[in-house]
Amino acid sequence: PPNGDDAEEEWPQQRWPPDLAYPEVPSRAACWKGFSRLCAITPLISLSIVCLVALSTLYFGWVNPTNLRHHSRIEMVAFCTEVALLMWSYLTAVLRGPGFVPSGWEPSKQEVRDLLATSDPRPFMEVEPAAQDLLQYCEICRCFKPPRAHHCKECGRCVLWMDHHCPWTGTCIGHDNMPAFVLFTHYVPLASLHAFVIHAEIPIRLGVLWYRNQASAFWYVLQRIHTVVGLSLAVVSLVVMILVGSLAFDLHWSLSNNLSMVEELVVDKAKARRYDSKEAKFVFPYDLGERDNWKEVLGRSWRTWFLPLKFDGSAVWPTLREGSGAFDLSVETLVQKANKLSRGVAARTSKAFDGGSGRSSCCYWFRICWRYGCSICCCAPACCDRRISAEPDTWMLVTNREGGWVKAQLLRGGPAGTPEGPSGWLPECCFETLDEEHRYEVPYQNLLQGTWEVDPSNANGEGAGVAADGSKPSPSAPSAEPRRVRVQGPVARAAYSRLAFVLRPEEKSGVSLLGVPLLSVDSIEACWGNGEVWRRPPQPLPGSAGKDGKSNSVGGGALRQRRPIED
C-alpha cells in the first residue's frame, strides 16, 4: 500500500497488482505452500520413479554395463542433462504453482470501459455494463474471475488461465507453471526413451544366452536382483514414455490453438448453442495463429522454449486476435450458465442434509448409509465433488442428477428467486419431488421472449443511459432506424452488439438487464428504468395484401393486457 497521509484514499484506486503479477521475491507463505505441494504423496511418487529410473540407467549403462555396445561419457552427460532439465521443469511446475486470482479482485470501471471501447463501442441499452454482466463471480473465493480463469475444486481457488488439475504435480496447471509443465512433458519421453534403450540391453543379453544354449549362464543372470530390477524399470520407462508422450501430443494441439482443456468444453458448447439459436459462429478470441500461440505460452525468447524460466505475460487480459473482444469468452460462459439454470427445476427440500463437516470420517459415512442407503455412498458425486448442506423446507435450484444425487443451488426468495451461493451435491431423497413442470424461470421471462424493436425516440430520452449504480453511458449517435433486440430464454442480444447479456432476477422489480429494472411489460411493449421502450415489430395479417401485392402490417395484437410490475 502507498505511504503517506492519504494512503487510505489512494489504495482502492491503485488496484494492486495491476495485472495480477506477483512480487519477484515470493513471500514466506507462498514458499511454504509450494513446499507443502512438493511433499504430497503424488509428487513424492513421481520424484521416486524419476530417481530410480535415472540411477538404474546410470548403473546398467556405465557402472555395470552389459557390454553389448559402448556407452561413451558424452552419452552419459547427455542423459544427465535430460534428467536435470526434467527435474528442473517438474520442480518449477510444482513450486511455482499455477497462479491464483487474489481474493476480492474486481476490475476497475475505467478498465472495463477501455476494454469495451475497443471491442464493442456501442453500448447495449445505452448503458455501461457492470463487472457482473461481463465476468463470472466466484461465490467461494469472493472475487470476479478474469476471462480465462476458472475455479478448481481440488485447490479451492480460482486459477489464472487454468488448463487442468494435475494429480502428479499436486496442483493445477495454469498461467505461471504452464511453460514448465510443457517442457516437463517433452523432457520425460526423451529421457524415458534413452533409459529404455539402455535397459533393453538386459533382455537382449538374456536372449543371446538362451539362443546360444547357455542355460546355466541364462538362469544365473536372470536370478540376480539387479537384473529383475532392471527389467522392471525397463517396463516402467516404456509405460511412462507412452503415457507422458501421449499427453505431450495432446498439448501440441492445445498450444497450437491456444486452447485449454476447460476452454475446449466451453467452445464446443458455444458452437452447439449458437447453431441451435441461429446466431453467428463463435470465434475463439485468443487464437492468434499457430506460431504466435506457441509464443504466447512459451514466450518469445529461445531460452524460455528450452528452460523453465519465467517471462512476462498478461494473465488477466491476454492478447486478442483481430476483431475479437476481451469479454467474448467470459460473456459466452455466462450465457451458457444462464441457459443451464433455465433448464433446472425449482424444488423444495423435505429433509436436512449435512454436507460440510466430517466428510473424511467413518462416522459421517456410516450416518449417510444409515439415513439414505448404502448405494448413495458408492456414487461418484459423493466421493469427488463438493457437497452442500440444506435445511428442511428450503427452495433450491436442481440442475443435474446422477446416481441418486442431485446438484443444486440455494434459491433466495422462493421458486422464482435468485440463485446464490456455491452449488453442490446432496441426496435426491432430501427433496419432496422433482417435478419437471416446475422449471426455473426468471420473472417475466415468457413475456420478454421474441424479437423487439427499440423506439429511437425513446432510446436516448430523458433518464436513458443511467444504470442502477448511477453511471452514465458512453456517447453514441442515436439511430435513425429502430434497433432490434432478441430475447431467447434468459439471454438478450442486440443485432448491433457482439455481446449477449443475461436477464437477472431482482427482489423489487422482478427482473433487470444490465442493472436496469423492468418497469412494465405486456405482449407488445416493455418499458425499462432508463427510459428505453421496446415494442414488438409489426406482423402482417394473414390473407391481407395491399395494392402492390405486399401484405399490410398491423400491431402485434388487438387485445392488450398490460402487466405493470409492482415496486
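Notes on the structure in this doc start here. Because the structure is a prediction, the values reported are computed rather than measured.

**Observations regarding a nonpolar patch on the surface**
There is a patch of nonpolar side chains on the surface, built from Ile41, Ile45, Ile49 and Trp168 and spanning about 390 Å² of accessible area. The topology assignment puts isoleucine 49 in helix H3 (residues 41-63).

**Side note on the pattern of salt bridges**
Counted according to the given criterion, the structure contains 17 salt bridges. The closest approach of N and O atoms between arginine 69 and glutamate 201, which form a salt bridge, is 3.2 Å. With arginine 69 in the loop between H3 and helix H4 (73-96) and glutamate 201 in helix H7 (residues 201-211), the pair connects residues that are 132 residues apart, well separated along the chain. Residue classification places arginine 69 among the partly exposed residues on the basis of a relative accessible area of 37%. Here glutamate 201 falls in the buried class, since its relative accessible area comes to 4%. Close ionic contact of glutamate 279 with arginine 273 constitutes a salt bridge, the shortest N to O distance being 3.4 Å. One salt-bridge network, in which partners are shared between bridges, spans Arg273, Arg274, Glu279, Glu332 and Arg493.

**Some details on unusual backbone geometry**
Positive phi, normally seen in glycine, also occurs at tryptophan 161, with a value near 55°. The topology assignment puts tryptophan 161 in the loop between strand E4 (157-159) and strand E5 (164-166). For tryptophan 161, a relative accessible area of 10% puts it in the buried group. In this structure, asparagine 258 is a non-glycine residue whose phi angle is positive, near 55°. Checked against the element boundaries, asparagine 258 lands in the loop between helix H9 (225-257) and helix H10 (261-276).

Here is what the cut-offs are and how they apply
- Residues numbered from 1 in each chain as written.
- Predicted model: local features only at pLDDT ≥ 70, side-chain atom pairs only at ≥ 80, totals over all residues.
- Heavy atoms only, no water.
- Patch = residues over 30% accessible without salt bridge, like charges linked within 9 Å, V, L, I, M, F, W, Y side chains within 5 Å.
- Areas by Shrake-Rupley, 256 points an atom, 1.4 Å probe, with all protein chains shown as cover.
- Salt bridge = Lys/Arg side-chain N within 4 Å of Asp/Glu carboxyl O.
- Helix = DSSP H or I, 4+ residues; strand = E, 2+ residues; numbered from the N terminus.
- Buried < 20%, exposed > 50% of the residue type's maximum accessible area, 1.4 Å probe, protein only.

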